[in-house]
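Spelled out, the chains give:
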Amino acid sequence: SLVICKRRKTYVLRFSENPIAEVFCPTRISSDIGCIAPRSFAQVESGSVWLSDRGIVIFDGRTVQHLPASDMMNDMFTDVENPRYVRRDRLGRVIDAVGVFYPKRQQYLLMVPTAQTQRGCNVIVVWDTKLNNVTIWEFCQEFQSMVVGKDSEGNERVYAGDVNGFVWILDFGYTDVVGLPNATGTVRGTVT
């Protein structure tokens, strides 16, 4: 299957055993949920996840639905008065948003720019897929990229690039009780 998203619609294109020989017509699976952030797509164990107009959604192979665990924080995508309102371009897209799945901790991480930022993202929305809860981390630093990779010892890490050209490892430091105190660089922030 291939998931195709427009801004407010989602389609699925299904293939037979040989995708070159037989392609079925795209089927609309949602008439009101699409994608506003192309770099927010990630594959989690239970399906595909991305950012829609009204928050994080998941496609489980049959339907697209808003992530129930994120209901209490979805106002940051819809309420312009919210200080963490997600900054959009003139077409309503969130081009700067970046999403990855972090298998080591079973988390979907979504960096989003807010009205407080100029060039990058200062909020990371973390959906713990095992506990099914959402945590919001707000940073005083702005990031533009994020990727899951392996360090020199083969350990899985989340790397983030900031607007000043520096690379950070987000799984180290004081804020999540990982690493040695006073021995690791830390992106400081608050947990809500």
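Fair warning: this is a prediction, and the values are worked out from it, not measured in the lab.

(A) Structural detail: the overall build of the protein chain. Counting secondary structure elements, the protein chain contains one helix and 14 strands. Classification of the 192 residues of the protein chain by burial places 44% in the buried group. Excluding contacts between residues fewer than 6 apart, the proportion of contacts in the protein chain whose partners are at least 24 apart in sequence is 41%. Surface accessibility of the protein chain: about 10500 Å² in total, with carbon and sulfur atoms responsible for 53%.

(B) Just the side chain of Ser30, in detail. Counting through the fold element by element, Ser30 comes out in strand 3 (residues 27-30). A polar atom in the side chain of Ser30 sits 3.0 Å from the backbone nitrogen of Ile33. Apart from the residues lying within four places of it in its own chain, the contact partners of Ser30 are Arg8, Lys9, Thr10 and Val64.

(C) The arrangement of the side chain of Asp128 in detail. Residue position: Asp128 is located in strand 10 (residues 121-128). Within the buried set, Asp128 has no salt-bridge partner at all; the shortest N-O distance to an opposite charge, 6.5 Å, is to Lys130. In terms of polar contacts, Asp128 uses its side chain to reach the backbone amide nitrogen of Lys130, at 3.0 Å. Polar contacts involving the side chain of Asp128 include one to the main-chain amide nitrogen of Leu131, which spans 2.9 Å. In contact with Asp128, not counting residues within four places along its chain, are Arg105, Gln106, Gln107 and Asn133.

(D) Geometry of the confidence of the model for the protein chain. Looking at the protein chain as a whole, its pLDDT mean stands at 85, while 85% of the residues score no less than 70. The least confident element of the protein chain, judged by mean pLDDT, is strand 14 (residues 189-191) at 50; the most confident is strand 8 (residues 98-102) at 97. In this model residues 174-186 is a low-confidence stretch, pLDDT under 50, and it forms 25 contacts with partners more than four residues away in sequence or in other chains.

The rules behind these values
- Residues numbered from 1 in each chain as written.
- Predicted model: local features only at pLDDT ≥ 70, side-chain atom pairs only at ≥ 80, totals over all residues.
- Heavy atoms only, no water.
- Helix = DSSP H or I, 4+ residues; strand = E, 2+ residues; numbered from the N terminus.
- Buried < 20%, exposed > 50% of the residue type's maximum accessible area, 1.4 Å probe, protein only.
- Contact = heavy atoms within 4.5 Å.
- Areas by Shrake-Rupley, 256 points an atom, 1.4 Å probe, with all protein chains shown as cover.
- Polar contact = N/O pair within 3.5 Å; in protein donor to acceptor, adjacent residues only side chain to side chain.
- Lys, Arg positive; Asp, Glu negative; His and termini not counted.
- Salt bridge = Lys/Arg side-chain N within 4 Å of Asp/Glu carboxyl O.
- pLDDT = per-residue confidence, 0-100.

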